[in-house]
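Understanding the architecture of this molecule
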Amino acid sequence: MDDWDTVTKIGSKTGGGASQRETVVRGKGALNQAQRSGAIVGTEKKYATGNTVNKAGSEGQRLTKVDRADDIVPVQKTGSEIGAAIRARRSKEGQYKMTQAELAKKVNAQANDIKLLESGEGIKNQGLLNRVARVLKISPKTGKPLDEDK
């Protein structure tokens, strides 16, 4: 444990007339002085800090559910319908016709990542999906083309 996660207190926890009042140590010098004088020194773990109490994130909630689950939680995969839309748009004649390697180069990824994305077997990577959708001009949620003539 590091100093950020703990709090060190000097004094007794029991309320007594003659005992020293419990105080929080503000520096290493105060801790050394208390140890030399023979005071009771205790270290406790901080359970909530001001920065983390009010922040609620969905990823933290998902990880809590994973921790509490007894069975194996499946990894989120990219849907096969999105993969089929990417494959169709990429293989269709016109300005978007390119190989998986060419698409991977344009979105700064590896060709294997594009292959897994198109097959629907890859682990869901929203950043990669957004970059591919931007290059092919398709919706990252539905896979439908954004620039079709109406």
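Residues numbered from 1 in each chain as written. Predicted model: local features only at pLDDT ≥ 70, side-chain atom pairs only at ≥ 80, totals over all residues. Heavy atoms only, no water.

What about the overall build of the protein chain?
Looking only at helices and strands, one finds seven helices and three strands in the protein chain. Across the 150 residues in the protein chain, those meeting the buried criterion constitute 22%. Contacts spanning at least 24 positions in sequence make up 53% of the contacts within the protein chain whose residues lie at least 6 apart. (Helix = DSSP H or I, 4+ residues; strand = E, 2+ residues; numbered from the N terminus. Buried < 20%, exposed > 50% of the residue type's maximum accessible area, 1.4 Å probe, protein only. Contact = heavy atoms within 4.5 Å.)

Some remarks on the nonpolar core
General note: in soluble globular proteins, nonpolar side chains tend to be found buried as a group. Core analysis: the biggest nonpolar cluster contains 15 residues, and Ile86, Leu103, Ile114, Val132 and Leu136 have the highest contact counts within it. Within the residue set of this core, elements represented by two or more residues are α4 (80-91), α5 (100-106), α6 (111-119) and α7 (126-136). Per element, the largest residue contribution to this core is five residues, and it comes from α7. Excluding anything up to four places from it in sequence, Leu136 contacts Ile86, Arg89, Tyr96, Met98 and Leu103. (Core = buried A, V, L, I, M, F, W, Y, C linked by side-chain atoms within 4.5 Å.)

Examining the confidence of the model for the protein chain
Across the protein chain, the average pLDDT comes to 76, with 67% of residues at 70 or higher. Across the protein chain, the element-wise mean pLDDT spans from 51 in helix α2 (residues 50-53) up to 93 in α5. (pLDDT = per-residue confidence, 0-100.)

Quick notes on α6
Regarding α6, the residues found buried are Ile114, Leu117 and Glu118. The arc that holds every buried residue of α6, seen down its axis, measures 95°, which confines them to one face. Against the buried residues of α6 lie α4, α5 and α7. One or two steps after α6, the chain reaches Gly120, where phi turns positive at roughly 85°. (Arc of directions from axis to C-beta.)

Let's talk about the packing of α4 against α7
Contact geometry of α4 with α7 gives a least axis separation of 11 Å together with a crossing angle of 35°. Here the hand of the crossing between α4 and α7 comes out left-handed. Together, Ile82, Ile86 and Arg89 of α4 and Leu129, Val132 and Leu136 of α7 make up the contact between the two elements. Classifying every residue of the contact of α4 with α7 by side-chain character gives five nonpolar, no polar and one charged. (Axes fitted to C-alpha atoms, helices over the stretch in contact; angles between N-to-C directions. Left-handed = near helix turned anticlockwise from the far one by under 90°. Nonpolar A, V, L, I, M, F, W, Y, C, P; charged D, E, K, R; others polar.)

Focus on unusual backbone geometry
One non-glycine residue, Asn108, lies in positive phi territory at about 60°. Within the fold, Asn108 resides in the loop between α5 and α6. In this structure, Lys137 takes a positive phi of about 55° despite not being glycine. Within the secondary structure, Lys137 is located in the segment after α7. Judged by relative accessible area, which is 41%, Lys137 ranks as partly exposed.

Things to note about the packing of α6 against α7
Following both chains from N to C, one finds α6 and α7 inclined at 90°, their axes separated by 11 Å at the closest point. Accordingly, the angle class assigned to the pair α6 and α7 is roughly perpendicular. Facing Asp113, Ile114 and Leu117 of α6, the residues of α7 in contact are Leu128, Leu129 and Val132. For the contact of α6 with α7, a count of residues per class yields five nonpolar, no polar and one charged. (Parallel < 35°, antiparallel > 145°, perpendicular 65-115°, else oblique.)

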